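Residues per chain are reported as follows:
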Amino acid sequence: RKMRLEFRVISIEKRDPALIAAMDEAILEECEAGRSPPTLVYHNWEKSISIARVQALTDIDLDKCLSDNFKVVRMITGGKAVVHFPDTEFSYSLFVPKEFGKINITQTYETYCSRISKTLKSFGLPNVVVDNNDIFVGGKKIGGNAQRVRRNFSMQQGVILYDCPNADTMLNFMNAELYPKSASEELAALLTGFTQHSDASQKELIGRLTENITASSYSIGELSEKEKVGIFSKFASN
């Protein structure tokens, strides 16, 4: 019988996007080295745009980002650009060892996205997981996930839209040449937020997510000293 994972949970705070990227990378490195336990950390983002590991910077309108004080940060996972608004959404980063039978990306997605899906259903949001990593409620997207896999650990980063974001505002930061004029209407029709389906608070949602993602096997923890050193060096270089 396999041992049950015991997770360290790092509580949500509003953080600078470069700090979030540095935190996630430093935690992954310490987990990979065997010095940190399986971890679930929650983030509220300051106004920012995160771009994927291999995404072109020309996908976004950098001048617009700078003029509106939206910071830009590159993550070490795949996916596409995400516009982050304080308090309207939150993200989670999940660090799990691969030896627990979750050898490939698909299996990890299936395990943890199904637990996120279960949480949303418990609040009365019927939903489906599409392409293993996107979560849709009534045909509209409420969350997405991306991964980075190392030899011993995998990191899954995801976002849950708590309030439905404004499509015009989101597209405002993208390279207009890459999108048709109908893009704003299409994006607005594609997205939904948790508050459109439930009156539960973000704190309640995160509490139940934590219970389900960790299978109720967790304790609230802090960053290790080695992680703090790693974060400082990465944050300083960003």
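Residues numbered from 1 in each chain as written. Predicted model: local features only at pLDDT ≥ 70, side-chain atom pairs only at ≥ 80, totals over all residues. Heavy atoms only, no water.

## Considering the layout of surface pockets
Estimates place the volume of the largest pocket at around 1200 Å³. Taken together, 50 residues line the largest pocket, and the ones lying closest to its centre are G79, K80, A81, V82 and K141. With 6 residues, strand β9 (residues 140-149) is the single largest residue contributor to the lining of the largest pocket. Residue composition of the lining of the largest pocket, grouped by class: 26 nonpolar, 16 polar and 8 charged. (1 Å grid on protein atoms, 1.4 Å probe; cavity = no way out; pocket = protein on both sides within 12 Å on 5 of 7 lines; lining within 4 Å. Points joined across faces, edges and corners; volume = space filled by probe spheres on them. Helix = DSSP H or I, 4+ residues; strand = E, 2+ residues; numbered from the N terminus. Nonpolar A, V, L, I, M, F, W, Y, C, P; charged D, E, K, R; others polar.)

## Here's the deal with the sheet that holds strand β1 (residues 7-15)
Strand order across the open sheet formed by 8 strands is β7-β8-β9-β10-β6-β2-β1-β11, with mixed pairing between neighbours. The outermost strands of the open sheet, each flanked by one partner alone, are β7 (127-130) and β11 (218-220). The sheet shows a mean angle of 20 degrees between the axes of neighbouring strands, taken without regard to direction. Here β7 pairs with strand β8 (residues 134-137) via 4 bridges, running antiparallel. Bridge pairing in β8 links V128 to F136. (Pairing = 2+ DSSP bridges. Axes fitted to C-alpha atoms, helices over the stretch in contact; angles between N-to-C directions.)

## Here's the deal with helix α1 (residues 17-32)
End to end, α1 covers 23 Å across 16 residues, agreeing with the expected 22 Å (1.5 Å per residue, within 8%). The backbone nitrogen of A18 lies 2.7 Å from a side-chain oxygen of the residue at the head of α1, namely D16. Downstream of α1 by one or two residues, G34 has phi in the positive range, about 85 degrees. (Expected span 1.5 Å × (residues − 1). Polar contact = N/O pair within 3.5 Å; in protein donor to acceptor, adjacent residues only side chain to side chain.)

## Quick notes on the sheet that holds strand β4 (residues 71-74)
Strand order in the open sheet formed by 3 strands is β4-β3-β5, and the pairing between neighbours is mixed. Strands at the two margins of the open sheet, each flanked by one partner only, are β4 and β5 (82-84). Here the strands of the sheet are splayed against their neighbours by 25 degrees on average, with no regard to which way each runs. Relative to β4, strand β3 (residues 48-51) runs parallel, the two being bridged by 4 bridges. From the neighbouring strand, I49 faces β4, where its bridge partner is V72. Along the sheet, α1 contacts β3 and β4; its crossing angle with β4, the most-contacted strand, is approximately 15 degrees. (Contact = heavy atoms within 4.5 Å.)

## Points about the packing of aromatic side chains
Counted under the stated rule, the structure contains 5 aromatic pairs. Taking the centre distance of 5.9 Å and the plane angle of 80 degrees together, the rings of F70 and F85 count as edge-to-face. With a gap of 15 residues between them, F70 in the loop between α2 (62-67) and β4 and F85 in the loop between β5 and β6 (89-97) connect regions that are remote in the sequence. Take F70 and F85: they sit in the same class, and that class is buried. Measuring from ring centre to ring centre gives 4.3 Å for F70 and F173, while their planes differ by 35 degrees; the resulting arrangement is tilted. Of this pair, F70 sits in the loop between α2 and β4 while F173 sits in the loop between α4 (167-172) and α5 (183-190), and the two are 103 residues apart along the sequence. (Phe/Tyr/Trp six-rings, centres within 6.5 Å; stacked < 30°, edge-to-face > 60°. Buried < 20%, exposed > 50% of the residue type's maximum accessible area, 1.4 Å probe, protein only.)

## Points about the environment of I116
Counting through the fold element by element, I116 comes out in helix α3 (residues 105-122). Sequence separation between I116 and D87 is 29 residues, and the spatial gap between their C-alpha atoms is 19 Å.

## Description of the nonpolar core
Judged by nonpolar contacts, the single largest core of 25 residues is most densely connected at Y42, F194, L205, L209 and I213. Of all elements in the fold, only β1, β2 (39-45), β6, α3, β8 and α6 (202-213) reach the threshold of two or more residues within this core. (Core = buried A, V, L, I, M, F, W, Y, C linked by side-chain atoms within 4.5 Å.)

## Comments concerning the pairing of β8
Of the two faces of β8, both are covered, the one formed by D134 and F136 as well as the one formed by I135 and V137. Connecting the antiparallel pair β7 and β8 is a turn made up of 3 residues, with D131 showing a positive phi of about 55 degrees. As judged from the 4 bridges shared by β8 and β9, these two strands associate in the antiparallel manner. Within β9, the residue paired with V137 across the bridge is K140. With antiparallel pairing between neighbouring strands as the criterion, β8 and β9 make up a hairpin whose turn holds 2 residues, including G138 at a positive phi of roughly 55 degrees.

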